[in-house]
Amino acid sequence: MVFAIDEINGDQTILPNFTLGTLIYNTCSSAKKAIKSSLQMLTGQEKPIPNYKCKGSSLLTAVIGESSSTISVSIARLLGLYRFPQVSYFSTSPLLNNKDEFPSFFRTIPSDDSQAQGLLLHYMKGIRFKNRMGEEIFFDKYGSPPAAYDIINWQHEPDGTILYVKVGSFDKREPRGQELNVNKSALWWTKQGKEVPHSVCSEKCNTGYHKAGRKGQPVCCYDCIPCSEGQMSIERDSSKCWPCPSDQWPNKKQSDCEPKRFEVLSYTDPVGAILCATVMLCSIITTTILFVFIKFQETAIVKANNRNLTYLLILSLVLSFLCSLLFFGEPQPITCLLRQTAFGIMFALCISCVLAKTIMVFVAFRATKPDRNRRKWLGPRIVVLTVSASTLIQVLICASWLLFCPPFPEKNMKIKIGIIIYQCNECSLIAMWCMLGYLGLLACISFLVAFLVRKLPDSFNEAKWITFSMVVFLSVWLTFIPGYLSTQGKYMVAVEVFSIICSCAGILVCIFLPKCYILLLRPDLNTRQHLLGKESSLNRKIKSI
């Protein structure tokens, strides 16, 4: 310090017309000693008396604090009360360079020599010169010198000596962005040489994982935790994971996002292909039966079964089978509107025909002496009334459904993880279950009426086969309810299609298979004489109609 003061005094270009002196106290690295020394310096004698200057001395312009921030801050707080600045070895400390924190540091003392002191301080703020080493020295507007540091690398030699090698510098005097300069090739790392050492605690986490710090350990110590379901990390050593967009899902390694898989009951799907093939086969078989009945329409067994009603029943079965094709493929607005309602109306027509057949048998059996008026009602009128009224109720239910809450296609991303279910939103489950419930009601009425006349003579007893068909129908749809509610996505649609196929096939087999057997394989039984030879009182009553 004395050498530096002598150099400044000896060079008139630095502080012309000023001579600096020194007053040096040893703080002994003690804050208490530092405070006492500061008071001694202010008082002018060994025993300090606060707020009194007991000896005349040269002008005290500034105090250079100790290199320890703890001690220098203590000194600064004391000297600030007396308005002594503008200096510390750690001049880049934010506490000592912040004029808002210690504004009094940078004011001059209001004494008899304040003019000279202020002049000195003002001059020091604007001074700029080069020292003997060629380095430019200047002070900022607060009187602080610019921060300039050499970056030193300690390098161990094989013989154990340590070299202090300059590998870079930090100079606040350089243009913005160029203050820091490091020669990485000159760096030497302990043991690793020029290779940058890795953390000795934890290796970097791979993609698909994120870091989780260990409590009470350094930040370089952490565990690699797999990303939670639905999240991913695309970078190594990631501190957290991120969710994918709504239409995407993490891959198996959770290292990237990929489009979600669509799920729909399609024709190419194994389950869909089997059901579709079954629907087409059943439709062809039913259509073939219709042609068989048309071909043998003049035979006794076809005439005895009310030909027109039989044709309507077979046609409604064909349409019911074909309605299930609306459930395949990607839902469209028109298919969502039609598939449930078309199925409900066609099935209502089918069961209405079965009910009309059953009612005709029941009324004919109960009518011991039908008069002319009753004979009129037992003819086509009762068939038309039963079929029309029963089907019309279902039409009204479906029309109300479409009017107030029509089904629509939607992409459901919440039911299954990583899968977008392309489905029809039925909009109103109440309307759907009302439609299915009405079909169940018609089936129950048909079953009840057929059960009451099941013991009629076998030569013309269609009621027994109707009873079997309604048992199959009700069993299928009672099983459908828990199956439908317990499945999701394409399997829920597959359950409904399977139920449609089974219930239609049950009616087809129970009612028409015995008749086709007689028409195709036993033509000897398909004669008026055979029917008349074994006909019962019921046969005669029906024929009289």
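Computed from a predicted model, the values in this text were never measured in an experiment.

### Considering the pairing of strand β13 (residues 408-412)
The side chains of a regular strand alternate between both faces of the sheet.
Next up, step 1: Summarising the sheet, β13 and strand β14 (residues 419-425) pair through five bridges and their orientation is antiparallel. By the bridge assignment for β14, Pro-409 is matched with Cys-424.
Next up, step 2: A loop of six residues connects β13 with β14, the two strands running antiparallel in sequence, and Gly-418 in this loop sits at a positive phi of about 75°.

### Here's the deal with helix α3 (residues 69-81)
Next up, step 1: The end-to-end C-alpha distance of α3, which contains 13 residues, comes to 19 Å, matching closely the 18 Å that a straight helix rising 1.5 Å per residue would cover.
Next up, step 2: Taken residue by residue, α3 has Ile-71, Ser-72, Val-73, Ile-75, Ala-76, Leu-78, Leu-79 and Gly-80 as its buried positions.

### Description of the confidence of the model for the chain
A low pLDDT means the predicted coordinates there should not be read in detail.
Next up, step 1: Looking at the chain as a whole, the pLDDT averages 79, with 81% of positions reaching at least 70.
Next up, step 2: Contacts of residues 534-545 to residues separated by more than four positions or lying in other chains number 26 contacts, the stretch itself having pLDDT below 50.

### Re the environment of Glu-229
Next up, step 1: With respect to the element layout, Glu-229 can be found in the loop between β7 (222-226) and β8 (231-232).
Next up, step 2: Since its relative accessible area comes to 62%, Glu-229 is described here as exposed.
Next up, step 3: For the pair formed by Glu-229 and Gln-254, sequence separation is 25 residues and the distance between their alpha carbons is 8.6 Å.

### Quick look at unusual backbone geometry
Next up, step 1: Despite not being glycine, Ser-29 has its phi angle at roughly 60°, a positive value.
Next up, step 2: Looking at the secondary structure, you find Ser-29 in the loop between α1 (2-10) and α2 (31-43).
Next up, step 3: One non-glycine residue with positive phi stands out, namely Gln-254, at about 55°.
Next up, step 4: With respect to the secondary-structure elements, Gln-254 resides in the loop between β10 (248-250) and β11 (257-259).

### What about the packing of helix α11 (residues 429-452) against helix α12 (residues 463-485)?
Next up, step 1: Look at α11 against α12: their axes get within 8 Å of each other, and the N-to-C directions meet at 155°. The orientation of α11 relative to α12 falls into the category roughly antiparallel. Here α11 runs over α12; the crossing is left-handed. Contact residues: Met-432, Trp-433, Leu-436, Leu-439, Gly-440, Ala-443, Cys-444, Ser-446, Phe-447, Ala-450 and Phe-451 in α11; Ala-463, Ile-466, Thr-467, Met-470, Val-471, Phe-473, Leu-474, Trp-477, Phe-480, Ile-481, Tyr-484 and Leu-485 in α12.
Next up, step 2: Taken together, the residues that form the contact of α11 with α12 break down as 20 nonpolar, three polar and no charged.

### Remarks on the sheet that holds strand β12 (residues 261-263)
Next up, step 1: Ordered in space as β12-β14-β13, the three strands form an open sheet in which the pairing is mixed. Here the strands that pair on one side only, and so sit at the sheet edges, are β12 and β13. Strand-to-strand twist of the sheet, defined as the mean angle between neighbouring strand axes without regard to direction, takes the value 25°.
Next up, step 2: Direction of pairing for β12 relative to β14: parallel, over a ladder of three bridges. The residue of β14 that forms the bridge with Phe-262 is Ile-420.

### Details of the sheet that holds strand β3 (residues 148-156)
Next up, step 1: Strand order in the open sheet made by the three strands is β3-β4-β5, with antiparallel pairing throughout. Of all the strands in the sheet, the pair left with one neighbour each is β3 and β5 (180-182). For this sheet the average axis-to-axis angle between neighbouring strands, irrespective of direction, equals 30°.
Next up, step 2: Bridging between β3 and strand β4 (residues 162-171) involves nine bridges; their strand directions are antiparallel. Bridge pairing links Asp-150 to Ser-169 in β4.

### Considerations on the packing of aromatic side chains
Next up, step 1: This model, assessed by the stated rule, comprises 14 aromatic pairs.
Next up, step 2: Through successive ring pairs, a cluster of aromatic residues spans Phe-343, Phe-347, Trp-433, Phe-473, Trp-477, Phe-480 and Tyr-484.
Next up, step 3: Over the aromatic face of Tyr-422 sits the side chain of Lys-411, whose NZ or CZ is 5.8 Å from the ring centroid.

Quick notes on the rules
- Residues numbered from 1 in each chain as written.
- Predicted model: local features only at pLDDT ≥ 70, side-chain atom pairs only at ≥ 80, totals over all residues.
- Heavy atoms only, no water.
- Pairing = 2+ DSSP bridges.
- Helix = DSSP H or I, 4+ residues; strand = E, 2+ residues; numbered from the N terminus.
- Expected span 1.5 Å × (residues − 1).
- Buried < 20%, exposed > 50% of the residue type's maximum accessible area, 1.4 Å probe, protein only.
- pLDDT = per-residue confidence, 0-100.
- Contact = heavy atoms within 4.5 Å.
- Axes fitted to C-alpha atoms, helices over the stretch in contact; angles between N-to-C directions.
- Parallel < 35°, antiparallel > 145°, perpendicular 65-115°, else oblique.
- Left-handed = near helix turned anticlockwise from the far one by under 90°.
- Nonpolar A, V, L, I, M, F, W, Y, C, P; charged D, E, K, R; others polar.
- Phe/Tyr/Trp six-rings, centres within 6.5 Å; stacked < 30°, edge-to-face > 60°.
- Lys NZ or Arg CZ within 6 Å of the ring centre and 35° of its normal.

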